[in-house]
Amino acid sequence: MIDQARAPRAGEELDVARLETFLLERIPGSSGPLAVEQFPSGHSNLTYLIRLGDRELVLRRPPFGSKVKSAHDMGRENRILSALHPVYPKAPKPLVYAEESEVMDVPFYVMERIRGVIIRNQLPKDLQLDEATARALAFNFIDNLADLHNLDYKAAGLGDLGKPEGYVERQVSGWTKRYFGSQTDEIPAVLRAAEWLKEKLPAESGAALIHNDYKFDNVILDPNDVTRLIGVLDWEMSTIGDPLMDLGTTLGYWVQADDSDELRMVKFVPTDLPGMPTRREIADRYAERTGADLSKLDYYYVFALFKTAVVAQQIYYRFHQGLTKDPRFAAMIMGVHILAGEAARIADQSKL
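Residues numbered from 1 in each chain as written. Predicted model: local features only at pLDDT ≥ 70, side-chain atom pairs only at ≥ 80, totals over all residues. Heavy atoms only, no water.

### Points about the packing of helix H6 (residues 243–253) against helix H8 (residues 279–290)
The line we're drawing: Axes here refer to lines fitted to C-alpha atoms; in helices the fit is confined to the stretch in contact. Angles between the N-to-C directions go from 0 to 180 degrees. The secondary structure listing takes helices from DSSP runs of H or I that are at least 4 residues long and strands from runs of E that are at least 2 residues long, numbered from the N terminus. Orientation categories follow fixed angle ranges, with anything under 35 degrees roughly parallel, anything over 145 roughly antiparallel, 65 to 115 roughly perpendicular, and all other angles oblique. Throughout, a crossing is termed right-handed when the near helix is turned clockwise from the far one, and left-handed when it is turned anticlockwise from it by less than a right angle. Should any heavy atoms of two residues lie within 4.5 Å, those residues are counted as being in contact.
Running from N to C, H6 and H8 point in directions that differ by 150 degrees, and their axes come no closer than 10 Å. Comparing the axis directions of H6 and H8 gives the class roughly antiparallel. By crossing handedness, the relation of H6 to H8 is classed as right-handed. Contacts between H6 and H8 involve Pro243, Leu244, Leu247 and Leu251 from the first element and Arg279, Ile282, Ala283 and Tyr286 from the second.

Take a look at the structure:
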């Protein structure tokens, strides 16, 4: 059930000899040889399994051909992990950071590997979840998000990571601009959702360290007890902002059993399994742990669907422009239509 890597995709190989020399110089007590594999999932930063002698490490670098450098700031992600790991051990421990041109033409960092189970759009082959286990896992998963939001980020040295004032407004305007910067098709539902989000802008609900991409395939589970979280990955979009926006992002990924066939077709993780709670149950559990006011929950859910549609558009743009040959990206435009359509539907029926 442990998450597995494989040979790097064509065009995404690393210079093994140069990387080995660099790591042997920068990691005390290390020894070669170096072997490199790639974790095949994920749609943003590229993640590699680095075996340096008998030690397993993980390397993260930006995708090839990306236009949005601010979304792939390796130095920022390394800084977050360096401050966060001592107070939140589920964040991996970073070991080495390299600026552009030191080893490759982009910055990257290397961290310790947390070995465990990762649930992606399908359960690992040998993992069976009965209804009670699925429900316990889901509630532990959302409890961990509440714990993260309750963390004293200032004491951790992350007080200057973001600007919480005006965060929601900046997110709406920023993701709208990103859409137009990578648009390839005319999709009216995207425009409808963007207009509604601008019109119904809520007051800030508070400030917390938010992950901004919190879903099952970004957490690592204990192989001996899959209801227990032992790691949280992919901190590239983490910042200080409105915690309800983070909850909304999680709900945006949370497809449930009674959703439309279209929406279930683009699910990221199997949250529609028997025993899994609904989005409302997940939100209520979060509110119990944090005291959050959920009266404007529709807003954060619509934003999450809209943002994910824009991310899919950005990924599809890279494929459309020939900047990546990853065949998974060809169907991303369908995801844009489905997610934006659902966002517009919820907006049109919301009482906000």
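On we go.
### Things to note about the sheet that holds strand S2 (residues 46–52)
Applicable threshold: Only strands that DSSP links by at least two bridges are regarded as paired with each other.
Spatial strand order, S1-S2-S3-S5-S4: five strands in an open sheet with antiparallel pairing. Every other strand in the sheet has two partners, leaving strand S1 (34–38) and strand S4 (94–98) as the edge strands with one partner each. Pairs of neighbouring strands in the sheet enclose a mean axial angle of 25 degrees, with direction left out of account. Here seven bridges tie S2 to strand S3 (residues 55–61), and the two strands are oriented antiparallel to one another.

### Looking at the packing of aromatic side chains
Here is the rule: Within 6.5 Å between ring centres, the rings of Phe, Tyr and Trp (the latter by its six-membered ring) count as paired, and their orientation is classed by plane angle as stacked under 30 degrees, edge-to-face over 60, tilted in between. For each residue, the accessible area found with a 1.4 Å probe, counting protein chains only, is set against the maximum for its type, and the residue is called buried under 20%, exposed over 50%, and partly exposed in between. In this scheme, the term charge over a ring applies when either NZ of a lysine or CZ of an arginine sits within 6 Å of the ring centre and within 35 degrees of the ring normal.
Here the structure, examined in full by the defined rule, presents ten aromatic pairs. Here the aromatic rings of Tyr179 and Phe180 are separated by 5.6 Å at their centres, their planes lie at 70 degrees, and the arrangement is edge-to-face. Residue class for Tyr179 comes out buried when judged on its relative accessible area of 2%. A connected cluster of aromatic rings, assembled from ring pairs, spans Phe141, Tyr214, Phe216 and Trp254. Across from the ring centre of Trp175, 4.4 Å away, lies the NZ or CZ of Arg178, which sits over that ring. The ring of Tyr253 is capped by Lys215, whose NZ or CZ atom sits 4.7 Å from the centre of that ring.

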